[in-house]
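Read off the chains here:
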Amino acid sequence: MIGVGILGSGFIAETYVDSLLDARNAELVACSSRGFERAAAFAAKWGPKVTAHKDMEALCADPAVDLVVTALPNEIHLEAVRIAARHAKAVICTKPLARTGREAQEILEIVRRAGVWHGYAESAVFSPNIEKAYQMVKAGGIGDLLTMRAREAHSGPHAPHFWNAELAGGGALLDMGCHTVESARHFFGKDNLVTEVMAWGATMVHGDKTMGEDTAIALLKFAGGQLATIESSWIEKGGMQLRHELVGSAGRIVTDTSVGPVWGFIEKPVGYLVEKADAETGWVYPVPEETRAYGFSQQMRHFCDHFAAGTAPSETFEDGVVVNQIIDACYRSMRAGVWERVKADG
């Protein structure tokens, strides 16, 4: 049984632990948080066998921990991976891998030098909707894939650290665009490089909270001639929006995770509905089994199976580096208002 240690105790940490319940060969054995009281409460919630540690160093030194999952704010990823690698622990890091391509490259070099197994936690490509569409595209159902339009939107982050764009490395584009940039690479092929980008972004609503963009659009040109349009928003009311439109020479495919099998009009709150829900009454659109609907469970099973087998997963830190480099180019374009070439040095 793989012993998993979680760094962090916030929303994404809860999601990762929930997804671990679907991995038959792994279990949570340890957790840590920036406050020990939070770590202790987290451990108590998830089981009597979970040890709460005072800090990242103590968790990574725990002999019961085989695999470390970094579920922390962007600015802590580098330190967390460095500590895990120093203790020769395999490590999974939540998206985005880093704040910039250069920082992501440093993280990659750390795990390479230490020779530790690594996985980039990009859940979007593991979601059932995306996986089914991917199979249909690969089977030639819509001919040659030509364009992709992807949109991820909600009304804004639930944790304060996201709003500090200088500390986090960016705004909505980095936070949400990292998902759809990687799904574009997934569909068009990772060996089909993104060569140029053009991006626009603005702070349209949340100027009292952030200096970063709360709305962004990016165009990605691939070496093979394909085009991806990436939309990221922190200004949209009504809960999560997760949509892909794939156009080929012989058809099209649409995925929309936000349109689920349950919806209704309610006058009395009924409890948790969906991540980033803006209202508890009126028209509501709950998403059943969010960790499965969004791909977290499938992702965790994939990682645990590959770690157990000693093989590389389909999403590694190398992928995280490329995503950060593409987003770096988007930010350069956003500032300059022109097409930007993607630079491999971040």
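Description of the structure in this document. Owing to the predicted nature of the structure, the values given are computational and were not obtained by experimental measurement. (Residues numbered from 1 in each chain as written. Predicted model: local features only at pLDDT ≥ 70, side-chain atom pairs only at ≥ 80, totals over all residues. Heavy atoms only, no water.)

## Overview of the overall build of the protein
Okay, so step 1: For the protein, the helix and strand inventory stands at eleven helices and 15 strands.
Okay, so step 2: Against the compact-globule benchmark of 20 Å for 346 residues, the protein has a radius of gyration of 20 Å, which places it among compact chains.
Okay, so step 3: The buried share of the protein, reckoned over its 346 residues, is 56%.
Okay, so step 4: Sequence-distant contacts in the protein: of pairs separated by 6 or more residues, those separated by 24 or more amount to 69%. (Helix = DSSP H or I, 4+ residues; strand = E, 2+ residues; numbered from the N terminus. Rg over C-alpha atoms; globule rule 2.2 N^0.38 Å. Buried < 20%, exposed > 50% of the residue type's maximum accessible area, 1.4 Å probe, protein only. Contact = heavy atoms within 4.5 Å.)

## Regarding the packing of aromatic side chains
Okay, so step 1: A full pass over the atoms with the stated rule returns nine aromatic pairs.
Okay, so step 2: Between Trp163 and Trp234, the aromatic rings sit 5.1 Å apart at their centres with planes inclined by 65 degrees, giving edge-to-face as the arrangement. Within this pair, whereas Trp163 is found in the loop between β7 (145–153) and α7 (165–168), its partner Trp234 is found in the loop between β10 (227–233) and β11 (241–248), the two being separated by 71 residues in sequence. Each member of the pair, Trp163 as well as Trp234, is classed as buried.
Okay, so step 3: Relative to Trp283, the ring of Phe265 has its centre 5.8 Å away and its plane inclined at 75 degrees; by these criteria the two rings are edge-to-face. With Phe265 in strand β13 (residues 264–266) and Trp283 in strand β14 (residues 282–284), this pair connects stretches of sequence that are 18 residues apart.
Okay, so step 4: Among the residues examined, Phe265 registers a relative accessible area of 51% and is labelled exposed.
Okay, so step 5: Taken together, the ring pairs in this structure connect Trp117, Phe126, Phe303 and Phe307 into an aromatic cluster. (Phe/Tyr/Trp six-rings, centres within 6.5 Å; stacked < 30°, edge-to-face > 60°.)

## Some thoughts on the environment of Ala172
Okay, so step 1: Tracing the sequence through the fold places Ala172 in helix α8 (residues 172–188).
Okay, so step 2: Separated by 154 residues in sequence, Ala172 and Asp18 have C-alpha atoms that sit 25 Å apart.
Okay, so step 3: Beyond its immediate chain neighbours, meaning those up to four positions away, Ala172 contacts Gly177, Glu213, Asp214, Thr215, Ser232, Ser233 and Trp234.

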